Amino acid sequence: MEHYPVLHREVLQFFKPIKEGYIVDATVGGGGHSYILLKNLPDIKIIGIDKDEYALERAEERLKEFKGRYQLVKSSFKDIDRILDDLKIRDVNGFLFDLGVSAFHLKTERGFSFQREEFLDMRMDRTQHLTAYEVVNRYPKNLLEKIIFEFGEEKFAKKIVKNIIEERKKKPIETTKQLADIVYRSYPPALRRGRIHPATRTFQAIRIEVNNELSEIKEGVSKAVEKLNKGGIIQVISFHSLEDRIVKNIFREAKKLKKLEILTKKPITPGEEEIKENPPSRSAKLRVGKKL
Ligand SMILES: C[S@@+](CC[C@H](N)C(=O)[O-])C[C@H]1O[C@@H](n2cnc3c(N)ncnc32)[C@H](O)[C@@H]1O
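Owing to the predicted nature of the structure, the values given are computational and were not obtained by experimental measurement.

Glancing now at the domain arrangement of the protein chain. In terms of domain boundaries, the protein chain breaks down into domain 1 (8-104 + 212-291) and domain 2 (126-210). Each of domain 1 and domain 2 has a C-alpha centre, and the two are 30 Å apart.

Quick look at the structure:
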């Protein structure tokens, strides 16, 4: 069974005052949030963006009962200004970003998860060239260390990269399992059986690099604040501290410039019930702003 989209009640509640015009769902994914918005806000229209074609096919299927009230666009949300200009849309009263990969990404065989043996791909947009395989097998040592240390906040980055370099000299590192095993071996034995698998941070780091996630978030969310109508609402759901910090800083900066009122002093997180129903929602943080 498909679970409800993350923090869907809260997201709907913040968009409730919007009576007309467009809401841009910048990460439409499988269309979960968009479906709820189209159903509960009968006079709004949706622009749904995703860089993954497969996500857009699923969104189309999910949303078809609302035909005429939504348009789907395959693109990165970093180009949100150009997308809206091309569509000649000016009255945007809401933006939603639900960042990261979606539940179905983890099930597709693209190497996002180390639970199964898959090729090291990790591309959300399968038309781009850079894959996790390239990053792991071709990046120079220093760059790989920097990525795993910064994007994974991984304190054993040096040791992990040392072992990656040794291994890739012998033969290419092609699969998720090969990489997960190298990371596992790089951890001190006493720390190998923690709450999260040792490979979690390294996989997060490489995924961020492959999809250029942090700079796209910065660009997309900043442009969204600019594009929003006066009184409009922007909501961003992030899943790890690096994403959340970027969003927090953009909102703070916009507040200083008197462009945005921050409606969430502290980010909103899912309640116990939601976490029980959908465990990956555990790390979600929602920040909301209102355009001044
Ligand atoms: C967590 S899912 C969204 C799920 C969606 N809210 C739902 O309810 O079905 C995140 C989606 O954002 C997409 N995505 C991530 N970064 C993106 C970017 N820079 N531009 C466009 N789409 C992006 C991913 O492909 C994925 O489908």
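Once that is clear, we can look at the site of the ligand. Within the structure, the ligand sits among 20 residues, and Pro 5, Thr 27, Gly 29, Gly 32 and Ser 102 are positioned closest to it. Elements with a contribution of two residues or more to the shell around the ligand: helix H2 (32-40) and strand S2 (45-50).

Once that is clear, we can look at unusual backbone geometry. In this model, Leu 7 sits at a positive phi of 50 degrees, which is unusual for a non-glycine residue. Within the secondary structure, Leu 7 sits in the segment before helix H1 (8-15). Positive phi, close to 65 degrees, is recorded for Met 122, a residue that is not glycine. Along the polypeptide, Met 122 turns up in the loop between helix H5 (103-107) and helix H6 (132-138). Look at Met 122 and you get buried, because 26 C-beta atoms sit within 10 Å.

Bringing the sheet that holds strand S3 (residues 70-74) into the picture now. Spatially, the seven strands line up as an open sheet ordered S3-S2-S1-S4-S5-S7-S6, and their pairing is mixed. At either end of the open sheet lies a strand with only one pairing partner, and these are S3 and strand S6 (260-262). Averaged over all pairs of adjacent strands, the angle between strand axes in this sheet comes to 20 degrees, irrespective of strand direction. Strand direction decides the pairing type here: S2 and S3, joined by five bridges, are parallel. Paired with Ile 46 across the two strands is Tyr 70, which belongs to S3. In the packing of H1 onto the sheet, contacts are made with strand S1 (22-25), strand S4 (92-98), strand S5 (233-238) and strand S7 (285-291), and the angle to S5 comes to roughly 165 degrees.

Viewed as axis vectors pointing N to C, helix H7 (residues 141-152) and helix H10 (residues 199-210) meet at an angle of 105 degrees, and their least axial separation amounts to 8 Å. The angle between the axes of H7 and H10 places the two elements in the roughly perpendicular class. Counting all contacts with H7, which are made through Ile 147, Ile 148, Phe 151 and Gly 152, the residues of H10 involved are Arg 201, Thr 202, Gln 204, Ala 205, Ile 208 and Glu 209.

What follows deals with the packing of helix H8 (residues 157-170) against helix H9 (residues 176-186). Where H8 contacts H9, the two axes come as close as 9 Å, and the packing angle between them is 130 degrees. Taken together, the axes of H8 and H9 lie oblique to each other. Classified by chirality, the crossing of H9 by H8 is right-handed. For the pair H8 and H9, the contacting residues are Lys 159, Ile 160, Asn 163, Ile 164 and Glu 167 in the first and Ile 182, Val 183, Arg 185 and Ser 186 in the second. Of the residues assigned to the contact of H8 with H9, the class counts are four nonpolar, two polar and three charged.

Quick look at the pairing of S2 now. For S2, the buried fraction is high: five of the six residues fall into the buried class. Alignment of S1 against S2, held across four bridges, turns out to be parallel. Bridge assignment links Tyr 22 to a residue of S2, and that residue is Lys 45. Each parallel crossover has a hand, and for S1 linked through H2 to S2 it is right-handed. On the question of chirality, the crossover connecting S2 to the parallel S3 by way of helix H3 (residues 53-63) is right-handed.

With that settled, the discussion passes to H1. The set of residues buried in H1 consists of His 8, Glu 10, Val 11, Phe 14 and Phe 15. Buried residues of H1, seen end-on, are gathered within an arc of 165 degrees and therefore sit on one face of the element. Along its buried surface, H1 packs onto S1, H2, S4, S5 and S7.

Next up on the list: the nonpolar core. One finds Val 24, Ala 26, Ile 49, Phe 95, Phe 97 and Ile 237 to be the most contacted residues of the largest nonpolar core, which totals 49 residues. With five residues, helix H12 (residues 241-256) is the single largest residue contributor to this core. Core analysis: the second largest hydrophobic core is formed by 28 residues, Phe 114, Ile 147, Ile 208 and Val 210 among them.

Each value, and the rule that gives it
Residues numbered from 1 in each chain as written. Predicted model: local features only at pLDDT ≥ 70, side-chain atom pairs only at ≥ 80, totals over all residues. Domains from an automatic or database assignment. Near = placed C-beta within 6 Å. Helix = DSSP H or I, 4+ residues; strand = E, 2+ residues; numbered from the N terminus. Buried ≥ 20, exposed ≤ 12 C-beta atoms within 10 Å, placed from the backbone. Pairing = 2+ DSSP bridges. Axes fitted to C-alpha atoms, helices over the stretch in contact; angles between N-to-C directions. Contact = placed C-beta atoms within 7 Å. Parallel < 35°, antiparallel > 145°, perpendicular 65-115°, else oblique. Left-handed = near helix turned anticlockwise from the far one by under 90°. Nonpolar A, V, L, I, M, F, W, Y, C, P; charged D, E, K, R; others polar. Right-handed = clockwise from strand over helix to strand, strands pointing away. Arc of directions from axis to C-beta. Core = buried A, V, L, I, M, F, W, Y, C linked by C-beta atoms within 7 Å.

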